Amino acid sequence: MYKFKKSLGQNFLVDKNIINKIINIENLYNQHVFEIGPGSGNLTNSIVEKKPKSIFLIEKDYSLYKILKENFKYSEKYKILNGDILKYDLNNYNFKEVIIFGNLPYNISTQILAKFIKIKSWPPFYKKIIFMFQKEVADRILAKPNTKNFGRISILANLKFDMINNFSISKKCFFPEPKVDSKIIVFKPKDKINFNISNIENLEKITQIFFSSKRKMINKAFIKIFKNHKEISKILNLNLSSRPSELSCDTYYKITELYEKYKKN
Ligand code: SAM
């Protein structure tokens, strides 16, 4: 009898209607598909029925990997790896225009998303990402400025992606049933990134500084970052008594551009 591993976020999607809804987001026929954490293969089996050109699966749990390997042993189209997506070097994957699926393990879902955001070559090797998150995390990713959920992950995601679709999934659709509901988000990489940020880690650093004191005026963060903070706030036409959540994503990208030019040493 298989023992579910909570530490690996193992809640398997068992509702057939929802599985169909997810895999019908894109036409998978003759496409390259990449799936993170296929688990017992619930989503994978339905993907296979759509006759994609290739499927790449990466599963951390060795016992599930063995089952998947056995189930898909007759097809050349499948590559199955027993590994950790956070450690996997995406440069080893060769296809382009790929569709990526992941009912993600909740404890590392934002880290996985960040890995795909941080890919250096742009446009990236994938054309769509369809990820499932815990609902609260998805709401933070989708949040707009001036709302309580707006923060670092929304700013990071909006730099590289248009989030073109999302829908909620009840916790009742999983086995074992998790404590929280989920949400699917469909990410489409932007054709062109309109800001000249040379190192995305600088955007992470800037947002970390601003959002570590969410309720405080941005004045403090500005002083920390720039020698000439008054001048910079004028260039950006910013009121230094605003709060971090009142600034648009574009403003954070512009602050990062200026940071890369004028940062305090
Ligand atoms: N896709 C399946 C489904 O929808 O039923 C399983 C989803 S379950 C929420 C998450 C899966 O990711 C589990 O199978 C788990 O073992 C796997 N997993 C957890 N951490 C992982 C990691 N770092 N890299 C790859 N797979 C991981």
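By convention here, each chain's residues receive numbers from 1 onward along its written sequence. Thresholds applied to this predicted model are a pLDDT of at least 70 for local features of residues and 80 or more for the giving and counting of side-chain atom pairs; totals over whole chains, interfaces and linings are not thresholded and use all residues. With hydrogens and water set aside, each side-chain value is computed from the structure's full complement of heavy atoms.

**Student:** Please clarify how the overall build of the protein should be interpreted in this entry.
**Tutor:** Helical segments are the DSSP runs of H or I of at least four residues, strand segments are the runs of E of at least two, and each set is numbered from the N terminus. Helix and strand counts for the protein stand at 10 helices and nine strands. For the radius of gyration, the atoms used are the C-alpha atoms, and the globule rule reads 2.2 Å times the number of residues raised to 0.38. Its C-alpha atoms give the protein a radius of gyration of 20 Å, near enough to 18 Å, the size a compact globule of 265 residues would have. Across the 265 residues in the protein, those meeting the buried criterion constitute 49%. For this analysis, residues touch if any pair of their heavy atoms sits within 4.5 Å. Look at the contacts in the protein between residues 6 or more apart in sequence, and 69% of them connect residues 24 or more apart. In this description, accessible areas are obtained by the Shrake-Rupley approach with a 1.4 Å probe, and a residue is regarded as covered only by the protein chains that are shown. Accessible area for the protein stands at about 14100 Å²; split by element, carbon and sulfur atoms hold 48% of it. Only protein chains enter the accessibility calculation, which uses a 1.4 Å probe; a residue is then buried when its area is under 20% of its type maximum, exposed when over 50%, and partly exposed in between.

**Student:** Help me out: how do you make sense of empty space enclosed by the protein in this one?
**Tutor:** The method is simple in principle: a probe with the dimensions of a water molecule rolls over the atoms, and the space it marks as empty is what remains. Definitions used throughout: a 1 Å grid over protein atoms alone; a cavity as a set of points that fits a 1.4 Å probe which cannot get out; a pocket as an open set with protein on both sides within 12 Å along at least five of seven lines; a lining residue as one with an atom within 4 Å of a point. Grid points are joined across faces, edges and corners, and a volume is the space filled by probe spheres set on the points. Counting across every chain of the model gives one cavity of 30 Å³ or more. Its boundaries defined by the atoms lining it, the largest cavity holds a volume of some 40 Å³. Lining the largest cavity are Ile 209, Phe 210, Ser 213, Lys 216, Met 217, Ile 218, Lys 220, Ala 221 and Pro 244. For the lining of the largest cavity, the secondary-structure elements that each account for two or more residues are helix H7 (200-211) and helix H8 (218-225). At three residues, the largest contribution of residues to the lining of the largest cavity is made by H8.

**Student:** In this structure, what is going on with the domain arrangement of the protein? I would like to understand it.
**Tutor:** By a frequent convention, interface size equals the accessible area lost on bringing the separate parts together. Segment limits for the domains were obtained from an automatic or database-derived domain assignment. Structurally, the protein comprises domain 1 (10-189) and domain 2 (200-262). Each of domain 1 and domain 2 has a C-alpha centre, and the two are 32 Å apart. Summed over both partners, buried area is the accessible surface (1.4 Å probe) that two parts give up on being assembled. Summing both sides of the interface, domain 1 and domain 2 together bury roughly 1300 Å²; the carbon and sulfur share of this comes to 68%. What counts as a salt bridge is simple: a side-chain nitrogen of Lys or Arg found within 4 Å of a carboxyl oxygen of Asp or Glu. One can count two salt bridges joining domain 1 with domain 2. As a salt-bridge pair, Lys 118 and Glu 201 come within 4.0 Å of each other at their nearest N and O atoms. For the side of domain 1 that touches domain 2, the element with the highest residue contribution is helix H6 (residues 152-160), accounting for seven residues.

**Student:** Even after reading the chapter, I still don't get the site of the ligand, so can you show me in this structure?
**Tutor:** Taken together, 23 residues lie around the ligand, and Leu 13, Gly 37, Glu 59, Asp 84 and Asn 103 are the ones closest in. Under the rule applied, a polar contact is a pair of N or O atoms within 3.5 Å (in protein, one hydrogen donor and one hydrogen acceptor; residues adjacent in sequence only if both atoms are side-chain atoms). The separation between an oxygen atom of the ligand and a polar main-chain atom of Gly 39 is 3.4 Å. Residue Glu 59 places a side-chain N or O atom 2.6 Å away from an oxygen atom belonging to the ligand. Protein contacts shield 98% of the accessible area of the ligand, which totals 590 Å² for the unbound molecule. In this scheme, a molecule is assigned to a cavity or pocket if more than half of its atoms are within 2 Å of the grid points. Mapping the ligand onto the cavity grids shows that it belongs to the largest pocket. Elements with a minimum of two residues in the shell around the ligand: strand E1 (12-13) and strand E3 (54-59). The criterion for a residue being near a molecule or strand is simple. One of its heavy atoms has to lie within 4 Å of it.

**Student:** Any chance you could explain the pattern of salt bridges here in plain terms?
**Tutor:** Note on pairing: side chains with opposite charge can pair once their charged atoms come close. In the structure shown here, the tally under the stated rule is seven salt bridges. The partner of Glu 26 in a salt bridge is Lys 128, with the nearest N and O atoms 2.5 Å apart. Pair noted here: Glu 26 is in the loop between helix H1 (16-23) and strand E2 (32-36) and Lys 128 is in strand E6 (residues 126-134), with a separation of 102 residues, a long-range link. Residue classification places Glu 26 among the buried residues on the basis of a relative accessible area of 16%. Close ionic contact of Asp 84 with Lys 60 constitutes a salt bridge, the shortest N to O distance being 3.6 Å. You can see Asp 84 sitting in the loop between strand E4 (78-82) and strand E5 (98-103) and its partner Lys 60 sitting in the loop between E3 and helix H3 (62-71), a full 24 residues away along the chain. What makes Asp 84 buried here is its relative accessible area of 17%. You can call Lys 60 partly exposed: its relative accessible area is 48%. When salt bridges that share partners are traced, they join Lys 118, Glu 201 and Glu 204 into one network.

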